[in-house]
Amino acid sequence: MADIRLKNSKTRRVEPLEPTVTPGKVSMYLCGPTVYDRAHIGNARSAVVFDQLYRLLCNEYGADNVTFVRNFTDVDDKINARAVETGRPIADITAETAQWYLDDMAALGVLEPNHMPRATAYIGEMVTLIEDLIARDMAYARDGHVLFRVRAYEAYGKLSGRSVDDMIAGARVEVAPYKEDPMDFVLWKPSADDIPGWPSPWGRGRPGWHIECSAMSHAILGEEFDIHGGGADLLFPHHENEVAQSCAAGHAFARIWMHNEMLQVEGKKMSKSLGNFFTVRDLLDQGVPGEVIRFVMLSTHYSKPMDWTEKKVAEAEKTLRKWYAQASRALDNDTAYVGVENALADDLNTPQAIAEIHQLSHAHDVPKLRASLRIFGFLDNGIPSWAEPDGTDMSEFTRRLSNLRNRAMHDKDFSKVDALKQTLLEAGVEVRMSKAGVELLPGPNFDRTKLEDL
Ligand SMILES: [Zn+2]
């Protein structure tokens with residue numbers, strides 16, 4: 001077993017992962033999507049990076065010993081706005097968008113986490129946590145709102161490395177009459193009759209965004225867990241606020257914080273106005289295979305900004321075609337390759353792991369190459385059809401059938417010819433035999449897997 005080391009945003013150091021909360025078991029929480037629209041490729045980077053970490057953890061600790069939670073934020077003002085725009089019920093929008101997310105991520109080889117809690121199913125836990133914070137004087141209720149008292153929590157700013165005064169100087173803090181201090185942030189807010197709301201000790205209302213993750217991680221993983229992940233854009237204020245809420249309630253919370261850096265497109269920030277904004281679904285619809293998207297995402301280390309380029313897409317496709325062709329010559333095996341595992345264990349160094357696979361490819365070490373592609377999630381459903389090496393190439397079977405036929409004409413025993421012909425027919429191949437030779441034509445129902453045992 002490789003020793004996994006991860007860069008902890010909290011200490012800014014690479015530290016050994018030592019799951020001591022429950023020895024031998026690892027728990028991880030990842031901030032998931034707010035479900036009102038298709039995931040763009042920037043959103044997908046976080047899902048793919050932490051999927052790769054999840055796969056590494058399962059590989060090292062055994063899948064039964066890893067608990068991975070990724071939430072759906074299904075109560076949010078952006079969702080409410082989308083419902084007003086479209087005239088559709090909120091529940092329809094969130095259910096549809098959550099399913100889109102799962103489908104799109106599955107196309108990128110992202111495994112479903114063990115738990116996918118929806119915020120609206122944990123309102124009771126959020127109210128309990130907020131009441132606890134009020135009881136500890138870390139929060140206060142005013143005019144239907146509940147606010148977290150930032151200055152009462154001394155360690156505020158430690159995770160993101162900011163001081164409260166710096167934050168006030170540079171931040172877009174909202175001054176409001178119900179706030180004691182402009183830095184205080186919302187735990188609960190009142191809901192007008194036409195938007196979602198739940199009964200609470202402070203009147204009908206809905207939770208602030210940050211409290212969701214504190215309440216759901218606590219409910220599912222407990223007061224302390226091993227890894228908390230998310231995009232670097234969530235470090236402040238979202239994660240800083242999660243820490244404040246959970247730790248002020250007396251929870252030890254996450255031991256290691258990990259943040260993936262952002263994604264650009266052709267060197268520019270992705271934005272709708274620049275016309276370089278696209279969703280995962282856009283790419284899939286354009287015919288870019290999910291495996292290629294995953295490869296491009298993982299070819300940059302998660303802690304570095306990544307640039308999405310057409311050139312990288314073309315190169316990734318070429319590389320994967322070659323690797324799949326090689327891997328098709330090996331059987332599934334457990335030949336773990338220590339070079340790839342060590343690279344992944346070293347703070348999820350995916351570009352180094354990919355370099356190691358290139359070496360295996362150059363050396364034609366197909367069993368190790370195949371095993372390594374499996375660790376990367378590239379073989380979950382076998383070799384994808386787009387990368388089938390010459391999927392309809394019949395030259396090998398044509399040659400075999402002609403040789404058998406030539407021998408049979410001599411021996412007057414056609415049983416082997418008939419057997420091969422029968423298997424080809426069952427695989428959906430039309431067999432034409434004439435004096436001129438043998439011709440094999442794969443039909444629309446051609447299934448190459450039926451020829452694998454030949
Ligand atoms: Zn979160």
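Note that this is a predicted model, so its numbers are computed, not measured.

A count of helical and extended segments in the chain gives 15 helices and 15 strands. Considered along the principal axes of its C-alpha atoms, the chain spans approximately 100 × 50 × 40 Å. For the chain, the residues scored as buried account for 49% of the 454 residues in total. Restricting to contacts in the chain with at least 6 residues of sequence separation, those with at least 24 account for 74%. Accessible surface, the chain as shown: approximately 21,300 Å² in total, 48% of it carbon and sulfur. Of the charged side chains in the chain, 52 are positive and 67 negative; the average position of the first set lies 5 Å away from that of the second.

This next bit is on the coordination of the zinc ion. Only C31 (SG), C213 (SG), H238 (NE2) and E242 (OE) from the protein coordinate the zinc ion, and they sit 2.0 to 2.3 Å from it. Geometry at the zinc ion is irregular, judged from its four donor atoms and the angles of 79 to 127 degrees they form at the metal. Positions of the donor residues of the zinc ion, expressed as sequence spacing, correspond to C-x181-C-x24-H-x3-E. One end of the pair, C31, is in the loop between strand 3 (26–30) and helix 1 (41–61); the other, C213, is in helix 6 (residues 209–221), and 182 residues separate them in sequence. For the pair formed by C31 and C213, the shared burial category is buried.

One finds I41, L53, L57 and W308 to be the most contacted residues of the largest nonpolar core, which totals 75 residues. Of the residues forming this core, the biggest block, twelve residues, is contributed by helix 1. No fewer than three residues from each of domain 1 (5–260) and domain 2 (286–387) sit in this core. When near neighbours in sequence (up to four residues on either side) are disregarded, L57 contacts I4, L17, V26, M28, G62, V66 and I227. Counting 42 residues, the second-largest nonpolar core is a separate cluster that includes V146, L159, F225 and L234.

Let us now look at the packing of helix 9 (residues 290–298) against helix 10 (residues 310–327). Running from N to C, helix 9 and helix 10 cross one another at 110 degrees; their axes reach a closest spacing of 9 Å. On the basis of their axis angle, the class for helix 9 and helix 10 is roughly perpendicular. The two elements helix 9 and helix 10 cross, and the hand of that crossing is right-handed. Residues E291, V292, F295 and V296 of helix 9 form the contact with helix 10, whose own contacting residues are K312, V313, A316, E317, T319, L320, W323 and Y324. Looking at the contact of helix 9 with helix 10, its residues break down into eight nonpolar, one polar and three charged.

With respect to the helices and strands, the residue L234 is situated in the loop between strand 9 (224–231) and helix 7 (235–248). A relative accessible area of 15% means that L234 is categorised as buried. Ignoring any residue separated from it by four or fewer positions in sequence, one finds L234 in contact with C31, W209 and H239.

Pairing in this open sheet of four strands is antiparallel, and the strands run 5-6-7-8 from one edge to the other. Two strands in the sheet have a free side with no partner beyond their single neighbour: strand 5 (139–142) and strand 8 (205–207). When strand polarity is set aside, the average angle formed by the axes of neighbouring strands in this sheet is 20 degrees. In terms of strand pairing, strand 5 meets strand 6 (residues 145–148) through four bridges, oriented antiparallel. Of the residues in strand 6, the one forming a bridge with A141 is V146.

Compared with the 18 Å implied by 1.5 Å per residue over 13 residues, the 18 Å span of helix 12 (residues 350–362) between its first and last C-alpha is a close match. For helix 12, every residue scored as buried is listed here: T350, A353, I354, E356, I357, L360 and S361. Buried residues of helix 12 fall within an arc of 155 degrees about the axis and therefore sit on the same side. Turned more than 90 degrees from where helix 12 packs its buried face, Q359 and H362 sit exposed. Two or three places before Q352, at the opening of helix 12, N349 has a side-chain oxygen 3.1 Å from that residue's backbone nitrogen. One or two positions beyond helix 12, positive phi appears at H364, with a value near 55 degrees.

Calculation criteria
- Residues numbered from 1 in each chain as written.
- Predicted model: local features only at pLDDT ≥ 70, side-chain atom pairs only at ≥ 80, totals over all residues.
- Heavy atoms only, no water.
- Helix = DSSP H or I, 4+ residues; strand = E, 2+ residues; numbered from the N terminus.
- Buried < 20%, exposed > 50% of the residue type's maximum accessible area, 1.4 Å probe, protein only.
- Contact = heavy atoms within 4.5 Å.
- Areas by Shrake-Rupley, 256 points an atom, 1.4 Å probe, with all protein chains shown as cover.
- Lys, Arg positive; Asp, Glu negative; His and termini not counted.
- Charge placed at Lys NZ, Arg CZ, Asp CG, Glu CD.
- Donors = N, O, S within 2.8 Å, 3.2 Å for Na, K, Ca; no water.
- Tetrahedral: all angles 85-135°; square planar, octahedral: opposite > 155°, others 65-115°.
- Core = buried A, V, L, I, M, F, W, Y, C linked by side-chain atoms within 4.5 Å.
- Domains from an automatic or database assignment.
- Axes fitted to C-alpha atoms, helices over the stretch in contact; angles between N-to-C directions.
- Parallel < 35°, antiparallel > 145°, perpendicular 65-115°, else oblique.
- Left-handed = near helix turned anticlockwise from the far one by under 90°.
- Nonpolar A, V, L, I, M, F, W, Y, C, P; charged D, E, K, R; others polar.
- Pairing = 2+ DSSP bridges.
- Expected span 1.5 Å × (residues − 1).
- Arc of directions from axis to C-beta.
- Polar contact = N/O pair within 3.5 Å; in protein donor to acceptor, adjacent residues only side chain to side chain.

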